[in-house]
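Examining the three-dimensional arrangement
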Amino acid sequence: MNSFMRALTVGLAALCVVLLTAGITALMSLRGNGTLTAKNLRAHILTEEEHKWLEAMHHRAPEPVDIPKVPPANETEMLSHIAEMAGAAHANQLMMRLRRQQEALDERQTYLDQQWADLQLAKAGLERMQRQVQEQERGTELANKAQSDEQARWAAAQVAEA
């Protein structure tokens, strides 16, 4: 890009920034003076017909709110409804208590399962050790038998020599 185009681009960008800053400053000063308010803007933008309609809407009488007529319930129905609500609250309390008990039982079951697994692991270790001891005893018995056989042969060889 040649230097003229670069200078032109920078100059136009600077001009846009200056115009934007001037516009914002003007709007802020008009707003600060009270010249730029919603009422003044409305007066310049709206037509006469729209002004009249707005004035009519501001001065109209309030409309009554439609409240549906509910026939008065008799006392027994009201009491039964209150009893149902109280029963529901009690049922909710019971359900919460049951949930807490179930959570406690689940935790206890988890603990017991862990203890059972530890017990099974210890039992397996004990059985393994018992097998090792039995294998060592068999090995010792075989070694003792081999030694006694060797001693008997040696004794027989000594007797045969003598």
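Attention here is on the structure that accompanies the text.

In terms of helices and strands, the protein carries four helices and zero strands. Going from N to C terminus, the protein has its helices and strands arranged as α-α-α-α. Over its C-alpha atoms the protein spans a radius of gyration of 52 Å, topping by over 25% the 15 Å that the globule rule assigns to 162 residues. Along the first, second and third principal axes, the C-alpha atoms of the protein reach 150 × 95 × 25 Å. Taking all 162 residues of the protein together, 1% fall into the buried category. Carbon and sulfur atoms make up 63% of the accessible area of the protein, which totals about 15300 Å². For the protein, the distance from the average position of its 17 positive side-chain charges to the average position of its 21 negative side-chain charges is 8 Å.

Attention now moves to a nonpolar patch on the surface. On the surface, Phe4, Met5, Leu8, Leu12, Leu15 and Leu19 cluster together into a nonpolar patch covering about 610 Å² of accessible area. Structurally, leucine 15 is set in helix H1 (residues 3–33).

Taking 1.5 Å of rise per residue, the 31 residues of H1 would be expected to cover 45 Å, and the 45 Å separating its terminal C-alpha atoms lies within 8% of that figure. Glycine 34 sits one or two positions beyond H1 and adopts a positive phi of about 95°.

Parameters and conventions
- Residues numbered from 1 in each chain as written.
- Predicted model: local features only at pLDDT ≥ 70, side-chain atom pairs only at ≥ 80, totals over all residues.
- Heavy atoms only, no water.
- Helix = DSSP H or I, 4+ residues; strand = E, 2+ residues; numbered from the N terminus.
- Rg over C-alpha atoms; globule rule 2.2 N^0.38 Å.
- Buried < 20%, exposed > 50% of the residue type's maximum accessible area, 1.4 Å probe, protein only.
- Areas by Shrake-Rupley, 256 points an atom, 1.4 Å probe, with all protein chains shown as cover.
- Lys, Arg positive; Asp, Glu negative; His and termini not counted.
- Charge placed at Lys NZ, Arg CZ, Asp CG, Glu CD.
- Patch = residues over 30% accessible without salt bridge, like charges linked within 9 Å, V, L, I, M, F, W, Y side chains within 5 Å.
- Salt bridge = Lys/Arg side-chain N within 4 Å of Asp/Glu carboxyl O.
- Expected span 1.5 Å × (residues − 1).

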